[in-house]
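Read off the chains here:
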Amino acid sequence: MLPKSKVDLYAAIRRDAKAGLSIRALQRKYGVGFLTVQKALTSAWPEPRKKLPPRPTRLDRTSR
């Protein structure tokens, strides 16, 4: 069963890496890329999500 959150994913990757799985095996098992495995092995916490700028609504006045 795959982890539900990114923090759980990182913990599972670190746990399996400690058990002896290779990076390639971790990629296949969790369906993630090389950089994700590397980030999980170097940091316990994933990077926070980027804030998106607010989108204008249809009610906002626009120049057409």
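Fair warning: this is a prediction, and the values are worked out from it, not measured in the lab.

Conventions we followed
- Residue numbering note: each chain is counted from 1, following its sequence as written.
- Whole-chain, interface and lining totals are the exception, using all residues; otherwise, since this is a predicted model, local features are given only for residues with pLDDT of at least 70 and side-chain atom pairs are given and counted only at 80 or more.
- Think of the side-chain values as coming from all heavy atoms in the structure, minus any hydrogens and water.
- Elements are defined by DSSP. Helices are runs of H or I of four residues or more, strands are runs of E of two residues or more, and each kind is numbered from the N terminus.
- As a reference, a globule follows 2.2 Å times the number of residues to the power 0.38, and the radius of gyration itself is taken over C-alpha atoms.
- Each accessible area is a Shrake-Rupley result for a 1.4 Å probe, and residues are judged covered by the shown protein chains and nothing else.
- Positive residues here are Lys and Arg, negative ones are Asp and Glu, while His and the chain termini are left out of the count.
- One atom stands in for each charge, and that atom is NZ of Lys, CZ of Arg, CG of Asp or CD of Glu.
- Criterion for a salt bridge: a side-chain nitrogen of Lys or Arg within 4 Å of a carboxyl oxygen of Asp or Glu.
- Only protein chains enter the accessibility calculation, which uses a 1.4 Å probe; a residue is then buried when its area is under 20% of its type maximum, exposed when over 50%, and partly exposed in between.
- Two residues form a contact once any of their heavy atoms are found within 4.5 Å.
- An axis is simply a line fitted to the C-alpha atoms; with a helix, the fit covers only the stretch in contact. Between two such axes, the angle follows the N-to-C directions and lies from 0 to 180 degrees.
- For classification purposes, an angle smaller than 35 degrees is called roughly parallel, one larger than 145 roughly antiparallel, one from 65 to 115 roughly perpendicular, and anything else oblique.
- Asp, Glu, Lys and Arg are counted as charged, while Ala, Val, Leu, Ile, Met, Phe, Trp, Tyr, Cys and Pro are counted as nonpolar; the rest, among them Gly, fall into the polar class.
- Confidence of the predictor at the level of single residues is given by pLDDT, which spans 0 to 100.

Draft legend 1. Looking closely at the overall build of the chain. Each helix and strand in the chain was counted, giving 3 helices and 0 strands. Taken from N to C terminus, the helices and strands of the chain fall in the order α-α-α. In summary, the chain has a C-alpha radius of gyration of 18 Å against a globular reference of 11 Å for 64 residues, an excess of more than 25%. In terms of overall dimensions, the chain has a C-alpha envelope of 60 × 20 × 20 Å along the principal axes. Of the roughly 6,000 Å² of accessible surface on the chain, 55% is carried by carbon and sulfur atoms. In the chain, which carries 16 positive and 4 negative side-chain charges, the distance between the mean positions of the two groups comes to 4 Å.

Draft legend 2. Highlighting the pattern of salt bridges. Summed over all chains, the structure comprises 1 salt bridge. A salt bridge links Asp 16 to Lys 29; the nearest nitrogen and oxygen atoms lie 2.8 Å apart. A residue pair is termed long-range when its members are at least 10 positions apart, and Asp 16 in helix H1 (residues 6-18) and Lys 29 in helix H2 (residues 23-30) qualify at 13 residues. Take Lys 29: its relative accessible area is 46%, and that puts it in the partly exposed class.

Draft legend 3. Up close: the environment of Tyr 30. With respect to the element layout, Tyr 30 can be found in helix H2. Discounting chain neighbours no more than four positions away, the residues touching Tyr 30 are Leu 2, Pro 3, Leu 9, Ala 12, Ile 13 and Asp 16.

Draft legend 4. Spatial organisation of the packing of H2 against helix H3 (residues 34-42). The geometry of H2 relative to H3 is characterised by a closest axis approach of 9 Å and an angle of 110 degrees between their N-to-C directions. One element, H2, and the other, H3, form an angle in the roughly perpendicular class. Residue-level contacts link Ile 23, Leu 26 and Gln 27 of H2 to Phe 34, Val 37, Gln 38 and Leu 41 of H3. Among the residues making up the contact of H2 with H3, the classes are represented as 5 nonpolar, 2 polar and no charged.

Draft legend 5. Examining the confidence of the model for the chain more closely. Taken over all residues, the pLDDT of the chain has a mean of 88, while the share at 70 or more is 95%. Confidence, read as mean pLDDT per element, is least for H1 in the chain (93) and greatest for H2 (96).

Draft legend 6. Region of interest: the environment of Trp 45. With respect to the element layout, Trp 45 can be found in the segment after H3. On the accessibility criterion, Trp 45 (63% relative accessible area) is exposed. C-alpha separation for the pair Trp 45 and Lys 6, spaced 39 residues apart in sequence, amounts to 8.5 Å.

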